[in-house]
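What follows is the residue order along each chain.
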Amino acid sequence: MPKLLFARAPRDEREERTMRRLAGARHAPGDWIQRARIVVASWDGLRVPAIAARLGCHPETVRRRLHRFNGEGIDGLGDRPGPGRRPRLTESERSQIIALVKTTPPGRPVPDP
């Protein structure tokens, strides 16, 4: 039998007020709004499948977001940095190129004072 998963209780009144305000926001990042709605729906007593059906997402997404919120709180609503592409140049090479660009090009006449 699957284990029931709910968001942990809010730590204080401020956290609950922030989450409910974010869940009803219109001018915040969309992913944060949806994740806040997941947590608030869990606080309101809905189970994972009902939350997923209400918000139009997969139940596994709801489970993942609830686990992250339970572990990290409001900070867990944001995206983690992706791996991204490794830089081709080191910082010292980049600094050398920038210094070279700032110098006068070779062959350019220098005005006499």
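Provided above is the structure to which this section pertains.
So, here's what we can say about the structure. Nothing here was measured: the structure is a model prediction, and the numbers come from that model.

**As for the overall build of the chain**
When you go through the chain residue by residue, the secondary structure sums to five helices and zero strands. What you see in the chain, going N to C, is helices and strands ordered as α-α-α-α-α. For 113 residues, the compact-globule estimate of 2.2 N^0.38 gives 13 Å, and the chain exceeds it by more than 25% at 25 Å. Projected onto its principal axes, the C-alpha positions of the chain cover 85 × 30 × 25 Å. For the chain, the residues scored as buried account for 27% of the 113 residues in total. The long-range share in the chain, meaning contacts at least 24 apart out of those at least 6 apart in sequence, stands at 55%.

**So, the pattern of salt bridges**
Oppositely charged side chains are able to pair whenever their charged atoms sit close together. For the coordinates displayed, the defined rule picks out nine salt bridges. In this structure, E16 engages R20 in a salt bridge whose closest nitrogen and oxygen atoms are separated by 3.2 Å. Highlighted residues: E16 and R20, both in helix α1 (residues 13–23), separated by four residues, approximately one helical turn. By relative accessible area, which is 34% here, R20 ends up partly exposed. Among the salt bridges present, the one from E60 reaches R63, with a minimum N-O distance of 3.4 Å. With E60 and R63 both in helix α4 (residues 59–72), this residue pair falls three residues apart, about one helical turn. E60 sits in the partly exposed class, given a relative accessible area of 36%. Classification of R63 as partly exposed rests on a relative accessible area of 33%. A single salt-bridge network, built from bridges that share partners, covers E16, R20 and D44.

**Thoughts on helix α2 (residues 30–43)**
With 14 residues, α2 extends 20 Å between its outermost C-alpha atoms, agreeing within 8% with the 20 Å of an ideal straight helix rising 1.5 Å per residue. Those residues of α2 lying buried are I33, R35, A36, I38, V39, V40, A41, S42 and W43. Count one or two residues on from α2 and you reach G45, which has phi positive near 100°.

Calculation criteria
Residues numbered from 1 in each chain as written. Predicted model: local features only at pLDDT ≥ 70, side-chain atom pairs only at ≥ 80, totals over all residues. Heavy atoms only, no water. Helix = DSSP H or I, 4+ residues; strand = E, 2+ residues; numbered from the N terminus. Rg over C-alpha atoms; globule rule 2.2 N^0.38 Å. Buried < 20%, exposed > 50% of the residue type's maximum accessible area, 1.4 Å probe, protein only. Contact = heavy atoms within 4.5 Å. Salt bridge = Lys/Arg side-chain N within 4 Å of Asp/Glu carboxyl O. Expected span 1.5 Å × (residues − 1).

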